[in-house]
Amino acid sequence: MRPTRATAALALVVALAACGGQSKQEKATSQVCNARADISTQVDTLRNLTVSTATTSQIKTSLNAIKDNLGKIKDAQGDLNEQRKTQVQQANDAFEAQIKSIGSELVSSLSLGQAKEQLTASLQQLTGTYKQTFAKIDCSGT
């Protein structure tokens, strides 16, 4: 029996589909860039809060989203090329350290007035840290 043209076409489509997916490195880069974009959104959300409009819930939601994104970035690092892996790891480590520092500083504030001042300063620091770390990672090709 000879295969029909439809069978041959189907086999070709299946073969092409198997070859056409993203590589592990491309998937990891995409995961890093998506997480980076969400971190940027969360940092902007936090930066735009004022002491009078900020709620604990809003802050926790954004910080938890950042934490989740940092985890996604860590998970993807192993599949990146060495140069990108190093850049992403350094950015992730620096940003994670800043998040932990902010959390401990806010908890240790003694009074409401100090907490408000600390919140404002911490959110400014977070914005600066983002610019120094993740904003430098090139995601224009993804």
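As shown above, the structure is provided for reference.
The present account deals with the structure reproduced in this document. (Residues numbered from 1 in each chain as written. Predicted model: local features only at pLDDT ≥ 70, side-chain atom pairs only at ≥ 80, totals over all residues. Heavy atoms only, no water.)

Along the protein chain, the regular secondary structure elements total five helices and zero strands. Starting at the N terminus and ending at the C terminus, the protein chain contains elements arranged as α-α-α-α-α. Counting across all 142 residues of the protein chain, residues that qualify as buried make up 29%. Residue pairs in contact within the protein chain that sit at least 24 positions apart in sequence constitute 72% of those at least 6 positions apart. (Helix = DSSP H or I, 4+ residues; strand = E, 2+ residues; numbered from the N terminus. Buried < 20%, exposed > 50% of the residue type's maximum accessible area, 1.4 Å probe, protein only. Contact = heavy atoms within 4.5 Å.)

Locating Ala97 in the fold gives a position in helix 4 (residues 82-108). Expressed as a C-alpha distance, the spacing of Ala97 and Thr129, which sit 32 residues apart in the sequence, is 9.9 Å.

On inspection of all chains with the given rule, the structure shows one disulfide. Sulfur-sulfur distance for the disulfide between Cys33 and Cys139 comes to 2.0 Å. Judged by the torsion about the S-S bond (-85 degrees), the Cys33/Cys139 disulfide is left-handed. A residue pair is termed long-range when its members are at least 10 positions apart, and Cys33 in helix 2 (residues 24-47) and Cys139 in the segment after helix 5 (112-132) qualify at 106 residues. Take Cys33: its relative accessible area is 6%, and that puts it in the buried class. (Disulfide = S-S within 2.5 Å.)

Along the chain, the position of Asn69 falls in helix 3 (residues 56-77). Setting aside residues no more than four positions away along its own chain, Asn69 makes contact with Ala35, Asp38 and Ile39.

To continue, consider the packing of aromatic side chains. Going through the model one piece at a time under the given rule, you end up with three aromatic pairs. Residues Phe95 and Phe134 carry aromatic rings whose centres are separated by 5.5 Å and whose planes lie at 70 degrees to one another, so their mutual orientation is edge-to-face. With Phe95 in helix 4 and Phe134 in the segment after helix 5, the pair connects residues that are 39 residues apart, well separated along the chain. Overall, the relative accessible area of 0% leaves Phe95 in the buried class. Of the residues examined, Phe134 reaches a relative accessible area of 0% and is grouped as buried. Three or more aromatic residues joined by ring pairs make a cluster, and in this case those are Phe95, Tyr130 and Phe134. (Phe/Tyr/Trp six-rings, centres within 6.5 Å; stacked < 30°, edge-to-face > 60°.)

Further remarks concern the packing of helix 2 against helix 3. Packing of helix 2 against helix 3 brings their axes to within 9 Å, and their N-to-C directions diverge by 160 degrees. Here helix 2 is positioned roughly antiparallel relative to helix 3, judged by the angle of their axes. Remark: the crossing between helix 2 and helix 3 carries left-handed chirality. In this structure, helix 2 uses Ala28, Gln31, Val32, Ala35, Arg36, Asp38, Ile39, Gln42, Val43, Thr45 and Leu46 to contact helix 3, whose residues at the interface are Ile59, Ser62, Leu63, Ala65, Ile66, Asn69, Leu70, Lys72, Ile73, Asp75 and Ala76. Residue composition of the contact of helix 2 with helix 3, grouped by class: 13 nonpolar, five polar and four charged. (Axes fitted to C-alpha atoms, helices over the stretch in contact; angles between N-to-C directions. Parallel < 35°, antiparallel > 145°, perpendicular 65-115°, else oblique. Left-handed = near helix turned anticlockwise from the far one by under 90°. Nonpolar A, V, L, I, M, F, W, Y, C, P; charged D, E, K, R; others polar.)

In this structure the tally under the stated criterion is two salt bridges. With a shortest N-O distance of 3.1 Å, Arg47 and Asp44 are connected by a salt bridge. A residue pair is termed a helical-turn pair when its members lie 3 or 4 positions apart in one helix, as Arg47 and Asp44 do in helix 2 at three residues. Asp44 gets classed as partly exposed once you look at its relative accessible area, which sits at 30%. Of the charged contacts, one joins Glu96 and Lys74 as a salt bridge, the two residues approaching to 3.2 Å between their closest N and O atoms. (Salt bridge = Lys/Arg side-chain N within 4 Å of Asp/Glu carboxyl O.)

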